[in-house]
Amino acid sequence: MLDIFAMNNKIDLNLLIVFDAVWRRRHISRAAVELNTSQPTVSNALRRLRDFTGDALFVRSGSGMEPTPFAERLATHWCDGLSSVRRGLAMRSDFNSATDKRTFTIVMSDIAEAVILPHLLNACRESAPGIFFSTIQLPMEQILPALRTGAVDLAVGFIPELRSGVRQQLLFESDYVALARRGHPGVKQSAISKAIFLRERHALAKAEGTGHAIVERTLRKHGLDSHIAVRVPHFLALPMIVGSSDLVATVPRPLGVLMADAAPIEILPHPLKLPKLIIRQFWHERFDAEPALMWLRKTLRAAVANASQLRPPRSN
């Protein structure tokens, strides 16, 4: 059994930083880049940790390094502790995005990762070379606690249920569209009628932790529960599914536009009444004046406003 008390007296705390980087990056070379060191140095640090803990900690997989169950339990303490230390350091008043090194954690749906994140990365590519990002997806009930504790820095997307205890800022507005494959027999003159839409079989994205549950509620309201042929957890698969079948789907317009050249689909005005998509960034009021997070929010909003394919915000 691992002797935690002995561990506290003997462990090199720099090894925890390596553990944290591999945990987040799931890849030795990417962790080495983040830490500005070599792959052999990271591998050696992992070997020392393995010797110390008596556990493999990470094992190779097709996509990189996968943590063992013991590593997952350690991460709850080690990575959260390092995150708290970093946030304490970032609260100093002289945050400098051009020279500081920091990883920001953002709650994002798969759509936000595909549509918004590239613009943020592009905005930081030259002006903030030491700034890194990690995105996660959380159930709705976990987002506010994560923002409150600082486990995540921002939540971005269509999250209408996130209200009390947070500050928010409009990024852009959009709407839902219907997708059908090119040549679908129900599509006439780049449109699909309400009657045909209600008759067709549907592909649906659950998108937990967002406000997109309104799509399924609307379909059920129109008696389409038995017409849902497939449910998937995320939106990104829907254009491919629709493009190779006679199913139809409901997706946010930016995703349809993004995938229009990747799948044989048509983007159609939606025949049902659905709410506007109000895309916002959310943060906890505890971190309202933290310089690093103020920079992040300002940078994200500017990146979205400069994206030609996204509608800019109308007001603060």
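Sequence order as written defines residue numbering, which begins from 1 separately in each chain. For a predicted model such as this one, the threshold for reporting local features is a pLDDT of at least 70, and the threshold for listing and counting side-chain atom pairs is 80 or more; totals across whole chains, interfaces and linings nevertheless cover every residue. Excluding hydrogens and water, the side-chain figures rest on all heavy atoms present in the structure.

A. Representation of the environment of A75 within the structure. Helix and strand definitions follow DSSP, with helices as H or I runs of at least four residues and strands as E runs of at least two, each counted in order from the N terminus. With respect to the helices, strands and loops of the structure, A75 is situated in helix α5 (residues 69–90). Given a relative accessible area of 3%, A75 falls into the buried group. A C-alpha to C-alpha distance of 44 Å links A75 and E266, two positions 191 residues apart in sequence. Residues count as neighbours in contact if any of their non-hydrogen atoms are within 4.5 Å of one another. For A75, the residues in contact, after removing those within four places along its chain, are F19, W23 and D80. Remark: exposure states derive from per-residue accessible area (1.4 Å probe, protein chains only) relative to the maximum for the residue type, with buried under 20%, exposed over 50%, and partly exposed in between.

B. Spotlight on the sheet that holds strand β12 (residues 277–284). In spatial order, the strands read β4-β3-β5-β12-β6; together these five strands make up an open sheet with mixed pairing. Two strands in the sheet have a free side with no partner beyond their single neighbour: β4 (131–136) and β6 (166–174). On average, each strand axis in the sheet is inclined to that of its neighbour by 25°, with strand direction left out of account. What makes two strands pair is DSSP finding at least two bridges between them. The sheet contact formed by β6 and β12 spans eight bridges and is antiparallel. Each residue of the ladder has a partner; that of S174, found in β12, is L277. Helix-sheet contacts for helix α7 (residues 117–124) involve β3 (102–108) and β4, and the interaxial angle to β4 is about 170°. Fitted lines through C-alpha atoms give the axes, limited to the stretch in contact for helices. The angle between two N-to-C directions lies from 0 to 180 degrees. Along the sheet face, helix α8 (residues 140–149) touches β3, β5 (154–157), β6 and β12 and points at about 40° away from the line of β12.

C. Molecular detail of the packing of α7 against helix α13 (residues 291–305). Here α7 crosses α13 at 115°, and the two axes come no closer than 9 Å. Of the possible angle classes, the one that applies to α7 and α13 is roughly perpendicular. Of the two possible hands of crossing, α7 and α13 adopt the one that is right-handed. Every residue of α13 that contacts α7 at H119, L120, A123 and C124 is listed here: W295, L296, T299, L300 and A303. Throughout, the ten residues Ala, Val, Leu, Ile, Met, Phe, Trp, Tyr, Cys and Pro are labelled nonpolar, Asp, Glu, Lys and Arg are labelled charged, and all others, Gly among them, are labelled polar. A class-by-class count of the residues in the contact of α7 with α13 yields seven nonpolar, two polar and no charged. Geometric relationships in this document are graded by angle, where less than 35 degrees denotes roughly parallel, more than 145 denotes roughly antiparallel, 65 to 115 denotes roughly perpendicular, and other angles denote oblique. Crossings are sorted by hand: turned counterclockwise from the far helix by less than a right angle, the near helix makes the crossing left-handed, and turned clockwise it makes it right-handed.

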